[in-house]
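Listed below are the residues making up each chain.
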Amino acid sequence: MYISFSNMNHMKRLNLILIALTLLLTPSFAKNKDLLTVAEKSNYTKTSYNADVLDFIQKLKQRNSKYLKVENIAYSSFGNEIPMLMIANPLPKSPADLKDDPRIVLYIQANIHAGEVEGKEASLMFARDLLKDMKNEIWKKLVLIIVPNLNPDGNDQMSESNRTNQNGPASVGLRHNGQMLDINRDGIKVETPELKGLLKNIFNKWDPVLTVDCHTTNGSYHEEPITFTWQVNPNGDRNLINYMRDKMMPEVGNTLRDKYKVENCYYGNFKDRTKPESGWVYHAASPRYMTNYIGLRNRFAILNENYVYADYKTRVIGCYYFLKSVLEYAVEHKYEMKLAVKNADSKSMLRGLNPGVKDSFALEYKKVPIPYKIKIKAIEAEYTETVNGWRRYKPSDRKREVTVTYTADNIPTKQIEFPYAYLINIRNNDVLNNLKHHGIRIEKLSSDQKLNVEEFKFKKIEPQSRHNQGHYLNKIDGDYITVEKEFKKGTYVIRTAQKLGSLIVNLLEPHSDDNLLKWNFFDRNITPQWGRRYYPYPVYKVVEKTIIDSQ
């Protein structure tokens, strides 16, 4: 076939024009076309299937094997691999390599709710761009772990019918995993393979100082595309909570806005959506949520909620720069952050060894405003209708910036003395395996032993009327009585003098706000086949320091 020279020049000119247009449509941090995410390649009209994520990771690995480790942390219920990326210079071969390592371990996870996709795309872009500059000074201070697609089963059930209120992309996955469970409600019961793998292969293995959990929000109308908050359960270490509230989160927000020109605010909703001046509130304090669960483990956690009504491209790029702002802060402040979690662990151990009168655990708590007010670029909402008991709103054209209280602190209203230990005198493998998944140390009595303990007597157990995550959660009424009881050799002993002491109490205390008794783990052990009485709760509490012969 003959093509004239003039036609050839014309084709070249067309190609140059197409290349220029592609570069204009692509964010400046994406350089290699074959290493673009699906979001970038589609000009932010599509999101990645799991196969796309795996292919992208494989290409990264081929180009950066010296600085990138890829490991499978779990198989989903549909049999999908869930890869973890570790980026470091040098890469640690095992957690033992980090024992005296000055670097901070930062963990980013995305797509736990698989319709909320910008964290998935942004974290892949973030990994790619960081790997281009592995001689940077930050790698003397950082080990980065990323799980970009924690929920591959939900991710691949894409449909234009999912999250129809979301401003792009048109087709996204589902919130739940392959078991039809919400992984972000699994922090206590640990029933999903995704969370089991996460605990085993990241939290209990690499023990990240800081976790960022990426989501997409709904709710109140405002102009900021990026929102975020921190661990807020009051049984987490108070110093860690205050550090996030008073230092890290304000500075990250300032960096994101001033350096990267991304408007942002703390995550929440207006108390009255039609009246923005009513105040801003964040409700979710239960440890079933991942960020609060991580707080109970004495670690820092950030909930990133990208604004659903912002366009998809704005959300992805905003999330990218949010991750960058968090990383920059963590690297700069790694010594004080590592020292803070070390002190929290030490305090937890010492408290469990000899609990005092001032050591307490919150059974109930209330929300109060944080010490300072915040600014929100509000869009007033208008009430439209009530559907199935839910009030519906639409945005108006009225915009105004408001300075309001942020109700996100939680203070105890009912507390108990922090216990020394718990004893479990039945063999319930569901309970024992749950404790092991969390990383809790379990001992056994070395011989028969009489102990003064508190025994919980039930007055009433009433299941919730509505099914929740495969359970009818128990509402418990009862009281402790003090008894002397003989426990047989082999009785399970869980001492609270562990780094996870607060988590132990939360799991086993019958009146904590989120525990194994509530989630039905003990149902078959507390209800006899006949009659209306109840057996005692088979978890006995040792309040004061006691000699317990166990190992």
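Residues numbered from 1 in each chain as written. Predicted model: local features only at pLDDT ≥ 70, side-chain atom pairs only at ≥ 80, totals over all residues. Heavy atoms only, no water.

Trainee: When you look at the overall build of the protein in this model, what are you seeing that I'm missing?
Mentor: In terms of helices and strands, the protein carries 13 helices and 20 strands. In summary, the protein has a C-alpha radius of gyration of 26 Å against a globular reference of 24 Å for 551 residues, a match within 12%. C-alpha extents for the protein along the principal axes are approximately 100 × 55 × 45 Å. Residues counted as buried form 56% of the 551 residues belonging to the protein. Taking the contacts inside the protein whose residues are at least 6 apart along the sequence as the reference set, 78% of them involve residues at least 24 apart. Charge-centre separation for the protein: the mean point of 81 positive side chains lies 2 Å from the mean point of 64 negative side chains. (Helix = DSSP H or I, 4+ residues; strand = E, 2+ residues; numbered from the N terminus. Rg over C-alpha atoms; globule rule 2.2 N^0.38 Å. Buried < 20%, exposed > 50% of the residue type's maximum accessible area, 1.4 Å probe, protein only. Contact = heavy atoms within 4.5 Å. Lys, Arg positive; Asp, Glu negative; His and termini not counted. Charge placed at Lys NZ, Arg CZ, Asp CG, Glu CD.)

Trainee: Just to check I follow, could you spell out the sheet that holds strand S11 (residues 360-369) for this structure?
Mentor: As a general point, the strands of a sheet are linked pairwise by backbone hydrogen bonds and lie either parallel or antiparallel. Pairing is mixed in the open sheet, where 4 strands are placed in the order S8-S9-S14-S11. The open sheet has two edge strands, strand S8 (269-270) and S11, and neither has a second partner. By the bridge criterion, 9 bridges tie S11 to strand S14 (residues 406-417) in an arrangement that is antiparallel. In the strand pairing of S14, Ser360 is matched with Glu417. (Pairing = 2+ DSSP bridges.)

Trainee: I would appreciate a short explanation of the packing of aromatic side chains in the present structure.
Mentor: Aromatic ring pairs are reported here in terms of the distance separating the ring centres and the angle at which the planes meet. A complete count under the given rule lists 25 aromatic pairs for this structure. Taking 5.0 Å as the distance between ring centres and 35 degrees as the angle between the ring planes, the aromatic pair formed by Tyr221 and Tyr309 counts as tilted. Of the two residues, Tyr221 is situated in the loop between strand S5 (210-217) and strand S6 (226-230) and Tyr309 in the loop between strand S10 (300-307) and helix H9 (312-332); the sequence distance between them amounts to 88 residues. Classification of Tyr309 as partly exposed rests on a relative accessible area of 28%. In this structure an aromatic cluster arises from ring pairing among Phe228, Trp230, Tyr266, Phe322, Tyr372 and Tyr406. The lysine or arginine in question, Lys189, covers the ring of Trp519, its NZ or CZ lying 5.5 Å from the ring centre. (Phe/Tyr/Trp six-rings, centres within 6.5 Å; stacked < 30°, edge-to-face > 60°. Lys NZ or Arg CZ within 6 Å of the ring centre and 35° of its normal.)

Trainee: When you look at the sheet that holds strand S1 (residues 68-75) in this model, what are you seeing that I'm missing?
Mentor: In spatial order, the strands read S1-S2-S4-S3-S5-S10-S6-S7; together these 8 strands make up an open sheet with mixed pairing. What marks the edges here is a single partner per strand, and that holds for S1 and strand S7 (264-266). Mean inter-strand twist for the sheet, computed between neighbouring axes without regard to direction, equals 25 degrees. The sheet contact formed by S6 and S10 spans 5 bridges and is antiparallel. When the bridges of S10 are listed, Trp230 appears paired with Ile302. Running at roughly 140 degrees to strand S3 (residues 104-110), helix H4 (residues 118-130) makes contact with strand S2 (81-87), S3, strand S4 (142-147), S5 and S10 of the sheet. (Axes fitted to C-alpha atoms, helices over the stretch in contact; angles between N-to-C directions.)

Trainee: I tried to follow unusual backbone geometry on my own but got confused; where do I start?
Mentor: Residues apart from glycine generally show negative phi values, whereas peptide bonds are mostly found in trans. For the peptide bond that leads from Asn89 to Pro90, omega is 5 degrees, which places it in the cis range. Its place among the elements puts Pro90 in the loop between S2 and S3. The step from Gly168 to Pro169 runs through a cis peptide bond, and the omega angle for that step is -10 degrees. Mapped onto the fold, Pro169 is located in the loop between helix H5 (152-155) and helix H6 (193-203). Residues other than glycine seldom take positive phi values, yet Val190 does so here, at roughly 50 degrees.

Trainee: Just checking my understanding: could you explain the nonpolar core for this structure?
Mentor: One recurring pattern in soluble globular proteins: nonpolar side chains tend to sit buried together. Leu144, Leu210, Met248, Ile302, Phe322 and Met337 are the most contacted members of the largest nonpolar core, which totals 82 residues. No other element matches H9, which puts 13 residues into this core. Ignoring any residue separated from it by four or fewer positions in sequence, one finds Leu144 in contact with Leu85, Met86, Ile87, Leu106, Ile108, Phe126, Leu130, Trp139 and Leu327. Ile73, Ile145, Ile440 and Leu473 belong to the second-largest nonpolar core, a separate cluster that totals 59 residues. (Core = buried A, V, L, I, M, F, W, Y, C linked by side-chain atoms within 4.5 Å.)

Trainee: Explanation requested: the layout of surface pockets in the structure shown.
Mentor: Over the atoms rolls a probe the size of a water molecule, and in doing so it shows where empty space is left. One number sums up the size of the largest pocket: a volume of about 1400 Å³. For the largest pocket, the lining is made up of 40 residues, of which Asn218, Tyr267, Asn269, Arg273 and Trp390 are closest to its centre. Contributions of two or more residues to the lining of the largest pocket are made by S5, S8, helix H8 (290-296), S10 and strand S13 (390-404). When the residues that make up the lining of the largest pocket are grouped by side-chain class, the tally is 12 nonpolar, 16 polar and 12 charged. One number sums up the size of the second largest pocket: a volume of about 700 Å³. What lines the second largest pocket is a set of 27 residues, and nearest its centre among them are Trp206, Asp207, Arg299, Asp345 and Lys499. (1 Å grid on protein atoms, 1.4 Å probe; cavity = no way out; pocket = protein on both sides within 12 Å on 5 of 7 lines; lining within 4 Å. Points joined across faces, edges and corners; volume = space filled by probe spheres on them. Nonpolar A, V, L, I, M, F, W, Y, C, P; charged D, E, K, R; others polar.)

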